[in-house]
Amino acid sequence: RPKSTASRCLPSIRLSSTNPIAATSSLTSRFVTSSKTPDNAVDVSPTRVTVAESFVRAFPTKVQPYLRLARLDKPIGTWLLLWPCCWSLGLAASSPVPDIKLMAACAIGAVIMRSAGCTINDLWDRDLDKKVERTRIRPIASGEISPQNAIKFLGVQLFAGLGVLSTFNTYTIALGASSLAFVVAYPLMKRIMGWPQFVLGLTYNWGALIGWPAVYGTAYWPATVPLYLAGVSWTLVYDSIYAHQDRTDDVLVGIKSTALTWGAHNKQFMTFFSASSIGCFAAAGYMVDLAYPFYGGLALAAAHLAWQVKTVDLNNVKDCHAKFVSNKWFGAIIFASICAGQI
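Residues numbered from 1 in each chain as written. Predicted model: local features only at pLDDT ≥ 70, side-chain atom pairs only at ≥ 80, totals over all residues. Heavy atoms only, no water.

Visitor: Even after reading the chapter, I still don't get the overall build of the protein chain, so can you show me in this structure?
Guide: Helix and strand content of the protein chain: 19 helices and zero strands. Across the 343 residues that make up the protein chain, the buried fraction comes to 50%. Within the protein chain, counting contacts between residues at least 6 apart in sequence, those at least 24 apart form 74% of the total. Roughly 16100 Å² of accessible area belongs to the protein chain as shown, and the carbon and sulfur atoms make up 67% of that amount. (Helix = DSSP H or I, 4+ residues; strand = E, 2+ residues; numbered from the N terminus. Buried < 20%, exposed > 50% of the residue type's maximum accessible area, 1.4 Å probe, protein only. Contact = heavy atoms within 4.5 Å. Areas by Shrake-Rupley, 256 points an atom, 1.4 Å probe, with all protein chains shown as cover.)

Have a look at this one:
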């Protein structure tokens, strides 16, 4: 998903040995020209190296492409996959602190399965990624990893994911394994339907159905279904914001998204699904008798979504990315609210 492309986008520069002053002027001119780009252009300004990127760079050069394929340098997707699991564990808890061992297992599983989903996505999209500015440097599209080696890597990821899933009870194992159909199908949906973010929501929020049976060995649908629908609606908001980064390239290569389907009505749809998400969260909390602090926190989460939709500049790539990444805090607010509601 979002990648820093600063190093790839810097203009190539040749310094003239016969006229270094002219060369320096040319260099300065080119950088000034590059800085005057429209909002939807690729940013060429220097970017801060994140902790996750530094972590990946600490590994041997031959290993780094596989870590980038797994998106270990971009942890936001792991947070978005993990939070629904934590919400469900919080609803099922009998105290403000959910089961720590189950949360740890969900966290490890989120890292592994998010990375496996990225490998599947990049295998599907390897030809399309070459045509999209933001994704050209992905390891498979750029040729750093061959499709054959990516498939072998995927086998390792799925085996590791199965190992984590096997630590849960039988009901949870069966329910968790059933999500693989959505993981495989999502990249195809971007080619055939105008709402692929809906399928992504079904995929990324499966953990909302997992937490409760992980605790009790069976589901409690009156609470977990509204929680799941709240997550799906949330995904339709944040991933539609995310999709605005690639609108121009998506039109050229034939990728579909809600950013294109909703057109001039994007913010109206985002407002609707924001309200839907908050309403479903409230219903889930009501079904397990969460106390008033939960609803106070939910109001704060609603304000966060309202801020995103109100202030996001859908024509500005950097702002879209910043708003998208901020959703890790939305997930944290919901989790904290559920825990507070168990007091």
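Visitor: Just checking my understanding: could you explain the layout of surface pockets for this structure?
Guide: Leftover empty space is mapped by rolling, across the atoms, a probe with the size of a water molecule. What the second largest pocket holds in volume is close to 790 Å³. As for the second largest pocket, its lining consists of 38 residues, of which L81, M113, R114, S179 and V183 are closest to the centre. Sorting the residues of the lining of the second largest pocket by element identifies α5 (76-92), α6 (100-124), α8 (147-165), α9 (170-177), α10 (180-192), α11 (196-204), α12 (207-216) and α13 (221-243) as the ones contributing at least two each. The class makeup of the residues in the lining of the second largest pocket is 25 nonpolar, nine polar and four charged. (1 Å grid on protein atoms, 1.4 Å probe; cavity = no way out; pocket = protein on both sides within 12 Å on 5 of 7 lines; lining within 4 Å. Points joined across faces, edges and corners; volume = space filled by probe spheres on them. Nonpolar A, V, L, I, M, F, W, Y, C, P; charged D, E, K, R; others polar.)

Visitor: Can you help me understand the pattern of salt bridges in this one?
Guide: Side chains that differ in charge, positive against negative, can pair when their charged atoms come close. With the rule as written, the count across this model stands at 11 salt bridges. A salt bridge links E144 to R68; the shortest N-O distance between them is 2.6 Å. With E144 in the loop between α7 (126-129) and α8 and R68 in helix α4 (residues 64-69), the pair connects residues that are 76 residues apart, well separated along the chain. A residue is classified by how much of its surface remains accessible, and E144, at 43% relative accessible area, is partly exposed. A salt bridge links R136 to E133, with the nearest nitrogen and oxygen atoms 3.1 Å apart. Through salt bridges that share partners, R71, D122, D129 and R138 make up one connected network. (Salt bridge = Lys/Arg side-chain N within 4 Å of Asp/Glu carboxyl O.)

Visitor: Looking at this model, I keep getting lost on empty space enclosed by the protein. Mind explaining?
Guide: Taken as a whole, this structure holds one cavity of 30 Å³ or more when the rule is applied. Taken as a whole, the largest cavity spans an internal volume of roughly 260 Å³. Together, 21 residues line the largest cavity, and R134, K190, D246, D250 and I255 are the ones closest to its centre. If you list the elements that add at least two residues to the lining of the largest cavity, you get α7, α10, α13 and α14 (247-253). Looking at the lining of the largest cavity residue by residue, the class counts come to seven nonpolar, four polar and 10 charged.

Visitor: Can you help me understand the packing of aromatic side chains in this one?
Guide: Centre distance and the angle of the planes are the two values used to describe a pair of aromatic rings. Enumeration over the complete set of coordinates arrives at 22 aromatic pairs. Between the aromatic rings of F272 and F273, the centroid separation amounts to 5.1 Å while the plane-to-plane angle is 80°, which identifies the pairing as edge-to-face. What makes F272 exposed here is its relative accessible area of 53%. For F273, a relative accessible area of 11% translates into the label buried. Three or more aromatic residues link up through ring pairs in this structure, and these residues are W87, W234, Y238, Y242, F281, F324 and F330. (Phe/Tyr/Trp six-rings, centres within 6.5 Å; stacked < 30°, edge-to-face > 60°.)

Visitor: Is there a simple way to explain helix α19 (residues 327-341) in this structure?
Guide: Within an α-helix, residues lying three or four positions from one another point in the same direction, as the helix has 3.6 residues per turn. Between the first and last C-alpha of α19 there are 21 Å, a value that for 15 residues agrees with the 21 Å anticipated at 1.5 Å per step. Of all the positions in α19, only N327, F330, G331, I333, I334, F335, S337, I338, C339 and G341 are classed as buried. Tucked inside the fold, the buried residues of α19 contact α5, α6, α13, α16 (266-287), α17 (292-311) and α18 (317-325). (Expected span 1.5 Å × (residues − 1).)

Visitor: Before we go on, may I ask you to explain the side chain of H244 in this structure?
Guide: As for its position among the elements, H244 is in the loop between α13 and α14. Here H244 falls in the buried class, since its relative accessible area comes to 5%. Among all residues touching H244, those that are not within four sequence positions of it are A259, N266, M270, L314 and C320.

Visitor: Can you walk me through α11 in this structure?
Guide: Along α11, eight of the nine residues are buried, which leaves the element largely enclosed by surrounding structure. For α11, every residue scored as buried is listed here: P196, Q197, V199, L200, G201, L202, T203 and Y204. Contacts made by the buried residues of α11 are with α5, α6, α10, α13 and α15 (258-261).

Visitor: What am I meant to see in the packing of α6 against α10 here?
Guide: For any two helices packed against each other, one specifies the crossing angle of their axes together with the interaxial distance. Relative to each other, α6 and α10 sit at 35°, their axes nearing to 10 Å. In the packing of α6 onto α10, the handedness of the crossing is right-handed. Side by side, α6 and α10 meet where M113, G117, I120, N121 and W124 of the first sit next to L180, V183, V184, Y186, P187, L188, K190 and R191 of the second. Its residues assigned to classes, the contact of α6 with α10 comprises nine nonpolar, two polar and two charged. (Axes fitted to C-alpha atoms, helices over the stretch in contact; angles between N-to-C directions. Left-handed = near helix turned anticlockwise from the far one by under 90°.)

Visitor: What exactly am I supposed to notice about the side chain of D319 here?
Guide: Inspection of the secondary structure puts D319 in helix α18. Residues contacting D319, with those up to four places away along its chain left out, are T311, V312 and D313.

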